[in-house]
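Reading the structure
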Amino acid sequence: MQLRCGRHTIDLSHPLVMGILNVTPDSFSDGGQFIDVSRAVEHALRMIEQGAGMIDVGGESTRPGAADVSEAEEIGRVVPVIEALVARTSIPISIDTSKAAVMSAAVAAGASLINDVRALREPGALEAAARTDAAVCLMHMQGQPRTMQHEPRYDDVVGEVRAFLEQRVEACLAAGIGRDRLVLDPGIGFGKRLEHNLALLAHLPELGRPGFDAGLPLLVGVSRKSMFQTLLGRPVEQRLAGGLAVATAAVLAGAAILRVHDVAETVDAVKVAQALRAAGYNARAPIEN
Ligand code: 8Y7
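Residues numbered from 1 in each chain as written. Predicted model: local features only at pLDDT ≥ 70, side-chain atom pairs only at ≥ 80, totals over all residues. Heavy atoms only, no water.

An unreviewed UniProt entry lists the protein under the name Dihydropteroate synthase, from Steroidobacter agaridevorans. Listed under Sequence similarities (unreviewed entry) in UniProt, the entry text for the protein is "Belongs to the DHPS family." (UniProt positions renumbered as here; feature names shortened; annotations may be inferred.)

So, in structure tokens, the structure goes:
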């Protein structure tokens, strides 16, 4: 499967590892409220050396309870980092934002994928994305980041997420964003309890085919997420093994892009999972023990 992504065409026949670059003052501060651009860029270059095929630059934390960031502030954080990265690497850069003005500024600075946890539902976002030639990742979220983990409810989580993604795909197509530019994401941890996350991961192949014969590529992000707190009782710095287990399962289920903090380890897990797929791995015919 190929993804049209600005000036890049990405071959997704081998899964791609997307490295997370949070450019918020709590990640790459210069000691005050500004971003240390050179340290952020160095971290991204290290992830690329480790095998990241894409870097996701985000200037607004979507953690539950995180403070809002103004448009100007978010642009001021991400644009210098994107410009520096585009000058120093040839891999595609993704912009993690929901704001139309940030999408436009980031793509003008060289970003070629728009990663929107709100799936282009903010005012002007659909139109802003359509004015670019960037790819778009449409993610499912129930509620808003501040409150999404307060009692999330579904009657049929897989059906509801699938229907949502299908509706957002239709909105993109109607706005002129071709399906060869679209990536879908179940939004693990975004308004979901552990059982919802597990159901979505167990049914990934159904989510990649929203009302179409051919599938759309799927992105999965579980890196260091709180589902591992619930499942394993592990704090954030001890969630790598859990994340690699899910990364492996996701690749075996056909996931095309994995969004992670720990690139080197995930690249190894992805290679193993991809080799198993190539050898004919069949998850639909397990041994009953
Ligand atoms: C995801 C994401 C986050 C995800 C996509 C975190 C920005 C929370 N998670 N984007 N962003 N998918 N597409 O823990 O799962 O990394 S932020």
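Back to the write-up after that little detour.
1. Quick look at the site of the ligand
The local shell around the ligand consists of Thr62, Asp96, Asn115, Val117, Cys137, Met139, Asp185, Phe190, Leu219, Gly221, Lys225 and Arg259. Here a nitrogen atom of the ligand sits 2.7 Å away from a polar atom, N or O, in the side chain of Asn115. The contact in question runs from an oxygen atom of the ligand to an N or O atom on the side chain of Lys225, over 2.6 Å. With the chains in place, 87% of the 410 Å² that the ligand exposes on its own is no longer accessible. Using a 2 Å cut-off from the grid points, one finds that the ligand occupies the largest pocket. (Near = heavy atom within 4 Å. Polar contact = N/O pair within 3.5 Å; in protein donor to acceptor, adjacent residues only side chain to side chain. Areas by Shrake-Rupley, 256 points an atom, 1.4 Å probe, with all protein chains shown as cover. 1 Å grid on protein atoms, 1.4 Å probe; cavity = no way out; pocket = protein on both sides within 12 Å on 5 of 7 lines; lining within 4 Å. Sits in = over half its atoms within 2 Å of the grid points.)

2. A word on the packing of helix 5 (residues 157–175) against helix 6 (residues 194–202)
Between helix 5 and helix 6, the shortest axis-to-axis distance is 9 Å and the interhelical angle comes to 65°. With respect to helix 6, the element helix 5 is oriented roughly perpendicular. Regarding helix 5 and helix 6, the two cross each other, and that crossing is right-handed. Together, Val157, Val158 and Val161 of helix 5 and His196, Ala199 and Leu200 of helix 6 make up the contact between the two elements. Along the lines of polarity and charge, the residues of the contact of helix 5 with helix 6 split into five nonpolar, one polar and no charged. (Axes fitted to C-alpha atoms, helices over the stretch in contact; angles between N-to-C directions. Helix = DSSP H or I, 4+ residues; strand = E, 2+ residues; numbered from the N terminus. Parallel < 35°, antiparallel > 145°, perpendicular 65-115°, else oblique. Left-handed = near helix turned anticlockwise from the far one by under 90°. Contact = heavy atoms within 4.5 Å. Nonpolar A, V, L, I, M, F, W, Y, C, P; charged D, E, K, R; others polar.)

3. Remarks on the layout of surface pockets
Put simply, the largest pocket is a space of about 940 Å³. Around the largest pocket sit 37 residues that line it, and Asn22, Arg63, Ser223, Lys225 and His261 are the ones nearest its centre. Looking at the lining of the largest pocket residue by residue, the classes come out as 12 nonpolar, 14 polar and 11 charged. In this structure, the second largest pocket occupies an estimated 620 Å³ of space. For the lining of the second largest pocket, the secondary-structure elements that each account for two or more residues are helix 6, helix 7 (204–207), helix 9 (240–252) and helix 10 (263–278). Broken down by element, the lining of the second largest pocket gets its largest block of residues, five residues, from helix 9. When its residues are assigned to classes, the lining of the second largest pocket shows 21 nonpolar, seven polar and three charged. (Points joined across faces, edges and corners; volume = space filled by probe spheres on them.)

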